[in-house]
Amino acid sequence: MENLHTDVVENILSRLPIDKALQAKRVCNTWRYLVRSKTDRVGLLVAVSYSHDENKHKLYYGDHQYDHIHGKMKYTYDALYKMDDVKFMDGMLGSCNGLVCFQRHYPCPEESFLICNPITGEAFYVPNPNNCTASSGFGYCQSTNQYKIVRMSYQVEAREYHVQVYTLGGAEWRNKGSIQTSLLHSTGIYANGALRSSSQLPEDNMIIAFDLDNEKFQFYPIVTF
């Protein structure tokens, strides 16, 4: 292909599915530059579950580009076949830098969390916690280059959430104390190095953030207008 014009090569590479495009980036610097429009932008990951088979799931990667002929965006979805043999969870917890975390909510299973790279097919089942999860989140700590899952289980008698943290590659969950609150969402939203949720109680009127670096809670009042 070295004899082809750059525009022709770019046109050919732009038609590659995302997993092949990631491989093409490794060929040479020129190809890495030419496929940047496909590999360096945010795509859409879609998980499909089949109602007739609770163990059957399918992952699709959604890409988009502008159709100059019809004057509108064109969306395409490629099946990620390398994940077909992986036992999936029933809920997508979050994604960071190409890694995706799935969680099974009910009933409390033997394998509650799965972290995977849907492009390469690599998958890792996280050690099972000792009780059911009420709220959780998945994020990335830039200072330590580590991926973490934070889970909270509700203690009825104490009326508080028990907090645990798992670091990808670790052997077990680490206890991080307890917090008295009532969360509005069961999934923490990852942003700027912290997992964030809001309190369900109107009198609290705050954003609750768990910093993935120091592994401590921070509280921010919600400004009303």
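This text goes with the structure placed above it.
Here goes a summary of the coordinates provided. Because the structure is predicted, anything quoted here is derived from the model rather than measured.

## Remarks on the sheet that holds strand β4 (residues 91-96)
Argument step 1. Reading across the sheet, the four strands line up as β4-β5-β6-β7 and stay open at both edges, with antiparallel pairing between neighbours. This sheet does not close on itself; its edge strands, each paired only once, are β4 and β7 (122-125). Ignoring strand direction, the axes of neighbouring strands in this sheet form an average angle of 20°.
Argument step 2. For β4 and strand β5 (residues 99-103), the ladder comprises five bridges, and the chain directions are antiparallel. In the sheet register, Ser95 faces β5, and the bridge partner there is Val100.

## Concerning the pairing of strand β13 (residues 194-198)
Argument step 1. The buried fraction of β13 is high, at four of five residues.
Argument step 2. Note that strand β12 (residues 189-191) and β13 share three bridges and pair antiparallel. Residue Ile189 lies in a different strand from β13, and its bridge partner there is Arg196.
Argument step 3. With antiparallel pairing between neighbouring strands as the criterion, β12 and β13 make up a hairpin whose turn holds two residues, including Asn192 at a positive phi of roughly 50°.

## Topic: the packing of aromatic side chains
The relation between two aromatic rings is expressed through the spacing of the ring centres and the mutual angle of the planes.
Argument step 1. Going through the model one piece at a time under the given rule, you end up with seven aromatic pairs.
Argument step 2. With a centroid separation of 5.6 Å and an interplanar angle of 50°, the aromatic rings of Tyr166 and Trp173 are classed as tilted.
Argument step 3. Considering the side-chain rings of Phe210 and Phe217, the 5.0 Å spacing of their centres and the 70° angle between planes classify their relative orientation as edge-to-face.
Argument step 4. Classification of Phe210 by relative accessible area gives buried; the value is 3%.
Argument step 5. The class for Phe217 is partly exposed, based on a relative accessible area of 24%.
Argument step 6. Linked through ring pairs, Phe113, Tyr166 and Trp173 together constitute an aromatic cluster.

## Some thoughts on the pattern of salt bridges
Argument step 1. A complete count under the given rule lists three salt bridges for this structure.
Argument step 2. Among the salt bridges present, the one from Glu215 reaches Arg174, with a minimum N-O distance of 2.8 Å. With Glu215 in the loop between β14 (206-211) and β15 (216-221) and Arg174 in strand β11 (residues 174-179), this residue pair connects regions lying 41 residues apart in the sequence.
Argument step 3. We classify Glu215 as buried; its relative accessible area is 9%.
Argument step 4. According to the relative accessible area criterion, Arg174 is partly exposed, its value standing at 32%.
Argument step 5. In this structure, Glu215 engages Lys176 in a salt bridge whose closest nitrogen and oxygen atoms are separated by 3.1 Å.

## Quick look at a nonpolar patch on the surface
Argument step 1. Judged by side-chain polarity, Leu44, Met73, Tyr75 and Tyr77 come together as a nonpolar surface patch covering roughly 430 Å² of accessible area.
Argument step 2. Element by element, the count of residues in the nonpolar patch is highest for strand β3 (residues 72-79), at three residues.
Argument step 3. Within the secondary structure, Met73 sits in strand β3.
Argument step 4. Overall, Met73 belongs to the partly exposed group, its relative accessible area being 36%.

## A look at the sheet that holds β15
Argument step 1. Reading across the sheet, the four strands line up as β12-β13-β14-β15 and stay open at both edges, with antiparallel pairing between neighbours. Looking along the sheet, the strands with just one partner apiece sit at the ends: β12 and β15. Each strand axis lies, on average, 30° off the axis of its neighbour in the sheet, ignoring direction.

## Digging into the nonpolar core
Argument step 1. Ranked by size, the top nonpolar core spans 13 residues in total, and within it Cys101, Phe113, Ile115, Val126, Phe138 and Ile149 carry the most contacts.
Argument step 2. In contact with Val126, other than residues within four places in its own chain, are Phe113, Ile115, Ile149, Tyr166 and Trp173.
Argument step 3. Tyr161, Leu195, Ile208 and Phe210 belong to the second largest nonpolar core, which has eleven residues in total.

Cut-offs applied
- Residues numbered from 1 in each chain as written.
- Predicted model: local features only at pLDDT ≥ 70, side-chain atom pairs only at ≥ 80, totals over all residues.
- Heavy atoms only, no water.
- Pairing = 2+ DSSP bridges.
- Helix = DSSP H or I, 4+ residues; strand = E, 2+ residues; numbered from the N terminus.
- Axes fitted to C-alpha atoms, helices over the stretch in contact; angles between N-to-C directions.
- Buried < 20%, exposed > 50% of the residue type's maximum accessible area, 1.4 Å probe, protein only.
- Phe/Tyr/Trp six-rings, centres within 6.5 Å; stacked < 30°, edge-to-face > 60°.
- Salt bridge = Lys/Arg side-chain N within 4 Å of Asp/Glu carboxyl O.
- Patch = residues over 30% accessible without salt bridge, like charges linked within 9 Å, V, L, I, M, F, W, Y side chains within 5 Å.
- Areas by Shrake-Rupley, 256 points an atom, 1.4 Å probe, with all protein chains shown as cover.
- Core = buried A, V, L, I, M, F, W, Y, C linked by side-chain atoms within 4.5 Å.
- Contact = heavy atoms within 4.5 Å.

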